[in-house]
Amino acid sequence: MRFGPVVVTVVVLAVAIAAMQVAPSQPKAMNTEALVTASPQPQTPVFHSAAGFDVVVPGGWTASDRSENLNRRSRRLMLISNGPQPQAGAAGLIKWSDLPADYVVLEVTDFSFPGLPGAPNESSFPLDWGGAQPAPDPDGGIGSALRVQYLLQSFTLTAHYGSAASAADRDALSELVASIRPQPIPTSGAYGRWEVVGPLSSFAVGSVTRFQPSQSRGSAFFLVRGEHTLFAHVDQAYQFMGAMKPCPIRYDPAARTFACDATGERWSRTGAQLTGGGLFGLAYQVAIVKEGLVLVGGGITSGGRPPDEADEFSDPIGVPAAAISPTKNEIIGRYSQITTTSPIERASAKLVTRNVALARDVIRGAYIRPDIDRVWVVAFAGDVRFPGGGEVHGRWALFYVDAKTGGAITMSCCGSEDWPPGFDALPDLVPSGN
């Protein structure tokens, strides 16, 4: 099924950024065999790490959860030592040369140091410390690192050894690392940075289900199951746009499309923009299957080319048939609801041909599909404030809109002038207004 996005022996559990982290593209095909095999849990006594792993700590050793940023690149999550817990300095770094000569420390971080790429595939548990590689130690000591990936997140297990570390303590690392297990996945609710929404078998192909995550920081999303792909579309369109506020979307089961009522825009079940310029697909989170359960999370991203409906559904939909094209006043009314200019001090729209829009270039470098022959150029004046912020970024916002459907083609904002340069010089095919 496709999805929709380690302790280094200086022990670093490095995170290979997944769309948060996953690359900004639609979910790619993945082999789920490694994702669906459950691992036996370690025997007690067990240290339950806040990082989401359980580990059996050898007798006489100590373990602690940590939250220490290192050089703005790594975050230390857990530290296991054959003695007292080492203390980090103000910058989050531990001076290993100040520790006793017989120390052995395993550290887990969530982002690898430069030169240490993340694991390429999901790791199988138990982990094999025999695969650890020599790792640089900032103090010139001895270190080993093992890269691990779990739920698309890369970790690095790094072990640091003092010059007089005993063979027994160094050998104990193999059993210690082998005891590390991910904590059990619940059947629903929060699991680290993921939301567990239920068994894959409970979602039929073609089903569309809206979820409000249990985690307050999470965004609501629509889970769509295709034949090959799980999609988790964020329930607001136009994410990350300077000129545009996000627009809540709803699913229209009769039309089998998602809709933004403010603009009249439509999207397919795969997230493709069906009206307008086709460039503003729905933002999404990653959806994966682990141990038969569907997990959604890993950060919000957008971009890439969504799969065709025909590749995922037996009842694919096409571009919605255009009804009556919106009038000038209707276009201004629609986009006044989502422009980030507030308050709106002035609003205007002009209908031009595609060639004029491209030639006048009032939105520089804009792309307009060849099949769009008429374009509304819509301008708003007022203070531009991005969603969630109070800072003024400019004094105007400008939109190119498909005259036939009213869908967004492209947009611009934030000039220092009080009105978009070049707008007043544009001709207007509908000078009277309607």
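Residues numbered from 1 in each chain as written. Predicted model: local features only at pLDDT ≥ 70, side-chain atom pairs only at ≥ 80, totals over all residues. Heavy atoms only, no water.

What follows covers the overall build of the chain. Across its full length, the chain carries four helices and 25 strands. In the chain, buried positions account for 53% of the 434 residues. (Helix = DSSP H or I, 4+ residues; strand = E, 2+ residues; numbered from the N terminus. Buried < 20%, exposed > 50% of the residue type's maximum accessible area, 1.4 Å probe, protein only.)

Another point: the sheet that holds strand S3 (residues 53-55). Strand order in the open sheet made by the three strands is S2-S3-S10, with antiparallel pairing throughout. Where the open sheet ends on each side, the last strands, each with one partner, are strand S2 (47-48) and strand S10 (181-182). (Pairing = 2+ DSSP bridges.)

Right, let's get into the state of the cysteines. Under the definition given, this model contains two disulfides. One disulfide in the model links Cys-247 with Cys-260; its S-S distance is 2.0 Å. Disulfide Cys-247-Cys-260: torsion about the S-S bond near 95°, hence right-handed. Note that Cys-247 is positioned in strand S17 (residues 247-252) and Cys-260 in strand S18 (residues 257-260), a separation of 13 residues in sequence. Summarising the burial analysis for this pair, Cys-247 and Cys-260 share the class buried. Put simply, Cys-413 and Cys-414 are joined by a disulfide, and their sulfur atoms are 2.2 Å apart. Taking the torsion about the sulfur-sulfur bond, which here is approximately -60°, the covalent link between Cys-413 and Cys-414 counts as left-handed. Classification of Cys-414 as partly exposed rests on a relative accessible area of 22%. Numbered in order of appearance, the disulfide-bonded cysteines of the chain are paired 1-2, 3-4. (Disulfide = S-S within 2.5 Å.)

Of all the positions in helix H3 (residues 328-336), only Lys-328, Ile-331, Ile-332 and Tyr-335 are classed as buried. In an axial view of H3, the angular spread of the buried residues amounts to 95°, which keeps them on one side of the axis. For H3, the elements touching its buried residues are strand S22 (346-353), strand S23 (374-385), strand S24 (392-402) and strand S25 (408-413). (Arc of directions from axis to C-beta. Contact = heavy atoms within 4.5 Å.)

Attention now moves to the packing of aromatic side chains. A complete count under the given rule lists twelve aromatic pairs for this structure. Judged by centre distance (5.3 Å) and plane angle (50°), the ring pair of Tyr-335 and Phe-399 falls under tilted. Taken together, the residues Tyr-335 in helix H3 and Phe-399 in strand S24 connect sequence positions 64 residues apart. By the burial criterion, Tyr-335 is buried, and Phe-399 matches it. Ring geometry for Phe-380 and Phe-399: centres 6.0 Å apart, planes at 80°, overall edge-to-face. Of this pair, Phe-380 sits in strand S23 while Phe-399 sits in strand S24, and the two are 19 residues apart along the sequence. No difference in accessibility class separates Phe-380 from Phe-399, as the two residues are buried. One aromatic cluster in this structure is built from Phe-53, Phe-125, Tyr-150 and Phe-155. One residue, Lys-350, lies across the ring of Phe-423, its end atom 5.2 Å from the ring centre. (Phe/Tyr/Trp six-rings, centres within 6.5 Å; stacked < 30°, edge-to-face > 60°. Lys NZ or Arg CZ within 6 Å of the ring centre and 35° of its normal.)

Once that is clear, we can look at the nonpolar core. The biggest cluster of nonpolar side chains holds 38 residues, and the ones touching the most others in it are Leu-106, Trp-129 and Leu-157. Residues Val-224, Trp-267, Met-411 and Cys-413 belong to the second largest nonpolar core, which totals 35 residues. (Core = buried A, V, L, I, M, F, W, Y, C linked by side-chain atoms within 4.5 Å.)

Inspection of every chain in the model, using the stated rule, returns 18 salt bridges. Overlapping salt bridges bring together Glu-345, Asp-383, Arg-385, Arg-395 and Asp-418 as one network. (Salt bridge = Lys/Arg side-chain N within 4 Å of Asp/Glu carboxyl O.)

In this section: the side chain of Asn-82. Along the chain, Asn-82 turns up in the loop between strand S5 (74-81) and strand S6 (104-109). Classification of Asn-82 by relative accessible area gives buried; the value is 18%. A distance of 3.0 Å separates the side chain of Asn-82 from the backbone nitrogen of Val-104, its partner in a polar contact. In terms of polar contacts, Asn-82 uses its side chain to reach the side chain of Asp-169, at 2.9 Å. Beyond its immediate sequence surroundings of up to four residues, Asn-82 is in contact with Gly-60, Trp-61, Asp-102, Tyr-103, Val-104 and Asp-169. (Polar contact = N/O pair within 3.5 Å; in protein donor to acceptor, adjacent residues only side chain to side chain.)

As a general point, the strands of a sheet are linked pairwise by backbone hydrogen bonds and lie either parallel or antiparallel. Strand order in this open sheet of four strands is S16-S17-S18-S19, and the pairing throughout is antiparallel. Sheet topology places strand S16 (236-237) and strand S19 (265-267) at the edges, where each strand pairs with a single neighbour. Here two bridges tie S16 to S17, and the two strands are oriented antiparallel to one another. When the sheet's bridge partners are listed, Ala-237 is paired in S17 with Cys-247.

This paragraph deals with helix H1 (residues 167-178). With twelve residues, H1 ought to run about 16 Å at 1.5 Å a step, and its terminal C-alpha atoms sit 18 Å apart, in line with that. Here H1 has its buried residues at Ala-172, Leu-173, Leu-176 and Val-177. Seen along its axis, H1 keeps its buried residues to an arc of 130°; they face one direction. Projecting away from the buried face of H1 at angles above 90 degrees are the exposed residues Ala-167, Ala-168, Asp-171 and Glu-175. Those residues of H1 that are buried are in contact with S3, S5, S6, strand S8 (142-150) and strand S9 (153-161). (Expected span 1.5 Å × (residues − 1).)

Moving on, we get to the pairing of S17. Bridge analysis of S17 against S18 gives four bridges, and the strand direction is antiparallel. If you follow Tyr-251 over to S18, its bridge partner there is Phe-258. The antiparallel hairpin formed by S17 and S18 contains four residues in its connecting segment, where Arg-256 sits at a positive phi of about 55°.

Right, let's get into the environment of Asp-110. Position of Asp-110 relative to the elements: it lies in the loop between S6 and strand S7 (133-134). Between the alpha carbons of Asp-110 and Phe-155 there is a distance of 5.1 Å; along the sequence they are 45 residues apart. A polar contact of 2.6 Å, which involves the side chain of Asp-110, links it to the side chain of Arg-75.

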